[in-house]
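Chain by chain, the residues run as shown.
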Amino acid sequence: MIEVRGLFKRFGANEVLRGVDVTVPKGQSLVVIGGSGTGKSILLKCILGLERPDAGTIRVAGEDARRSDREAYLARFGMLFQGGALFDSMPVWQNVAFRLMRGRGRLKRAEARSVAVDKLRRVGLGPEVADLYPAELSGGMQKRVGLARAIAAEPDIIFFDEPTTGLDPIMAGVINDLIREIVVEMGATAVTITHDMSSVRAIADRVAMLHAGKVRWEGPVDEVDSAPDPYLRQFVEGSADGPIPAVR
Amino acid sequence: MKPLAAVGRAALALLAVIGRVALFAASSLSHLVRPPFYFREFGHALLTIGWFSLPVVGLTTLFTGGALALQIYSGGSRFNAEAVVPSIVAIGMVRELGPVLTGLMVAGRVAAAIAAEIGTMRVTEQIDALATLSTNPMKYLTVPRVLAATLALPVLAAVGDAIGIMGGYLVGVTRLDFNAAAYMTNTIDFLETGDVVSGLVKAAVFGFIVALMGCYHGMNSGRGARGVGRATTNAVVSASILILASNYLLTELFFSA
Ligand SMILES: Nc1ncnc2c1ncn2[C@@H]1O[C@H](COP(=O)(O)OP(=O)(O)OP(=O)(O)O)[C@@H](O)[C@H]1O
Ligand SMILES: [Mg+2]
């Protein structure tokens, strides 16, 4: 479904991605892990075409990302941004229903609102939140609104950039279950970035670890705990000693 | 060779900026004529750019009209031509000061606000989010603002013209002992349609410039609060300079014949 080959991306002298290869089959859930600043968010943005890669190919369902019609290409994606990226000029429900109220097959206002309230409930937010503005929400609530917006139009492919950071453990569990459910029930293809190993175990079919601009380790989730790779071991065990320097 | 290289670099950089702005303008015009259209955004932009600029424009032109009457009176009295006050105030306001003052005041108010708003959206990834929600940021953010400003500025300038002339009238009648009725007939008789129309065309161009600069600098905002601050400043400065430069060119165009 998603095929990334030899992806390079640099910012000035900072070579962030140096030949990343990943494949995500249709209906599977890939979790990307890796140290802070290793280019996980940039990888997703390159796939979405929000950042222009310096080299490499990206294919989604066989189509080259650069060649296909951009709006049609993006229509099948949903994305939760790391910072939420909620539209602060409109209330929560309009954020969630943004895509539903626009374009072909758009819903009426009242319908869109009820879908939005339903999606909010799925991320653990009550209907009273719908009419607040994003600035009136806590960080974790904003994150969940972003999540509701990403899944609102039921896209084929969903990217979650740190969906559970800033959430309490119970809410993180709810969100993990939700992501799993979206993949299993809606048949969506998901790529999730997370630092939280319990999320990894709950969400992933496969895991890829980014390090030094490349995929250092890739494999099914049940091999994460037994794989001998020292980089992966250090990351999973959260130890300061190992091949990954603590100052980066 | 060093100073020459520096001049060359600056010239190249300037050309690059002109090219980017021209491309941005062309792209916003091309999106203007292709659906979808965002009427709600357009209405909102019309309200914030047009309606809420009325007080600023009204006050600016009122005082300027008054001051203009005093200046022309004192200048005119040197060769016994005090009687020209009504006609010169009218022509000066309608051809030149109305549109330019409106353009500059709106540049300060609106170009800054647009650049700050869009710049913040850029920095907080809201523009990226728009794209992933199947909404073209040029269509959704730039087109409504550029269109609204281009349409609103002539109306604002017309209101500004009228208020400026009224400022001159008030000063003329109360301070300079003009006959009220004579002042009015003088004003109306001297003004020609061409004077008014050329001023309004100028205003439309200024409106386009203001919104375009706000959107361009906002969309290309640097990172963080500093980036947005710089985008805002650049938007106001570049809009103001472009307004004055294009005002000169348009004046040449309209009145050299
Ligand atoms: N617009 C940009 N301009 C310059 N450098 C950038 C830009 N965006 C990202 N970078 C750099 O790219 C690198 C990777 O950034 P990215 O946001 O992908 O990290 P990440 O893996 O998502 O980290 P985290 O887990 O902390 O979110 C960082 O070193 C960052 O400084
Ligand atoms: Mg990140």
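Residues numbered from 1 in each chain as written. Chains lettered and ligands numbered in written order. Predicted model: local features only at pLDDT ≥ 70, side-chain atom pairs only at ≥ 80, totals over all residues. Heavy atoms only, no water.

Engineer: Pulling in residues and values, what's your account of the overall build of chain B?
Structural biologist: Counting its secondary structure elements, chain B contains nine helices and zero strands. Listed by position from the N terminus, the elements making up chain B come as α-α-α-α-α-α-α-α-α. Taking the principal axes of its C-alpha atoms as reference, chain B extends roughly 65 × 55 × 35 Å. Counting over 257 residues, chain B shows a buried share of 45%. Contacts in chain B between residues far apart in sequence, at least 24 positions, make up 85% of those at least 6 positions apart. Side-chain charges in chain B split into 16 positive and 12 negative, and the spacing between the mean points of these groups amounts to 17 Å. (Helix = DSSP H or I, 4+ residues; strand = E, 2+ residues; numbered from the N terminus. Buried < 20%, exposed > 50% of the residue type's maximum accessible area, 1.4 Å probe, protein only. Contact = heavy atoms within 4.5 Å. Lys, Arg positive; Asp, Glu negative; His and termini not counted. Charge placed at Lys NZ, Arg CZ, Asp CG, Glu CD.)

Engineer: If you had to explain the interface of chain A and chain B to someone new, which residues and values would you point to?
Structural biologist: If you look at the interface, chain A gives 22 residues, while chain B gives 16 residues. Summed over both sides, the interface between chain A and chain B buries roughly 1,600 Å², with carbon and sulfur atoms accounting for 56% of that surface. One salt bridge in this structure joins A:K45 and B:E125, with 2.5 Å as the shortest N-O distance. Between the two partners, chain A and chain B, sit five residue pairs in polar contact (both at pLDDT 80 or more). When contributions to the side of chain A that touches chain B are tallied by element, the ones reaching two or more residues are α1 (40-48), α2 (70-75) and β6 (77-80) of chain A. (Buried area = accessible area lost by both parts, 1.4 Å probe. Salt bridge = Lys/Arg side-chain N within 4 Å of Asp/Glu carboxyl O. Polar contact = N/O pair within 3.5 Å; in protein donor to acceptor, adjacent residues only side chain to side chain.)

Engineer: Any details on the site of ligand 1? Residues and values, ideally.
Structural biologist: The environment of ligand 1 is made up of 15 residues, and the closest members are A:S36, A:G37, A:K40, A:S41 and A:Q82. Chains contributing residues to the immediate surroundings of ligand 1 are chains A and B. Residue A:T38 places a main-chain N or O atom 3.2 Å away from an oxygen atom belonging to ligand 1. In the environment of ligand 1, an oxygen atom lies 2.9 Å from a nitrogen or oxygen atom belonging to the backbone of A:G39. Protein contact buries 71% of the 630 Å² of open area that ligand 1 shows by itself. (Near = heavy atom within 4 Å. Areas by Shrake-Rupley, 256 points an atom, 1.4 Å probe, with all protein chains shown as cover.)

Engineer: A description of the coordination of the magnesium ion (ligand 2) should follow, citing residues and the corresponding values.
Structural biologist: Residues and elements named next belong to chain A. Only S41 (OG) and Q82 (OE1) from the protein coordinate the magnesium ion (ligand 2), and they sit 2.0 to 2.1 Å from it. In this pair, S41 sits in helix α1 while Q82 sits in the loop between β6 and α3 (92-96), placing the two residues 41 residues apart along the sequence. Here Q82 falls in the partly exposed class, since its relative accessible area comes to 37%. (Donors = N, O, S within 2.8 Å, 3.2 Å for Na, K, Ca; no water.)

Engineer: Can you lay out helix α6 (residues 137-174) of chain B for me, pointing to particular residues and giving the numbers?
Structural biologist: Residues and elements named next belong to chain B. Taking 1.5 Å of rise per residue, the 38 residues of α6 would be expected to cover 56 Å, and the 53 Å separating its terminal C-alpha atoms lies within 8% of that figure. At V143, α6 shows its maximal bend, which comes to roughly 30 degrees, and the proline P144 appears one to four places after that position. Its side-chain oxygen 2.8 Å from the backbone nitrogen of M138, N136 forms the N-cap of α6. (Expected span 1.5 Å × (residues − 1). Bend = angle between axes of the 7 residues up to and from the residue.)

Engineer: Pulling in residues and values, what's your account of the pattern of salt bridges?
Structural biologist: Residue and element names in this part refer to chain A. Inspection of every chain in the model, using the stated rule, returns 19 salt bridges over all chains. In this structure, E51 and K9 form a salt bridge, with 3.8 Å as the shortest nitrogen-oxygen distance. Of the two residues, E51 is situated in the loop between α1 and β4 (55-60) and K9 in strand β1 (residues 2-11); the sequence distance between them amounts to 42 residues. The exposure class assigned to K9 is buried, which follows from its relative accessible area of 9%. Between E154 and K119 there is a salt bridge, with its nearest N and O atoms 3.2 Å apart.

Engineer: Run through a positive patch on the surface, naming residues and quoting values.
Structural biologist: All names here are of chain A. Residues R52, R59, R66 and R67 make up a contiguous surface patch of positive charge. One can find R59 in strand β4. The exposure class assigned to R59 is partly exposed, which follows from its relative accessible area of 34%. (Patch = residues over 30% accessible without salt bridge, like charges linked within 9 Å, V, L, I, M, F, W, Y side chains within 5 Å.)

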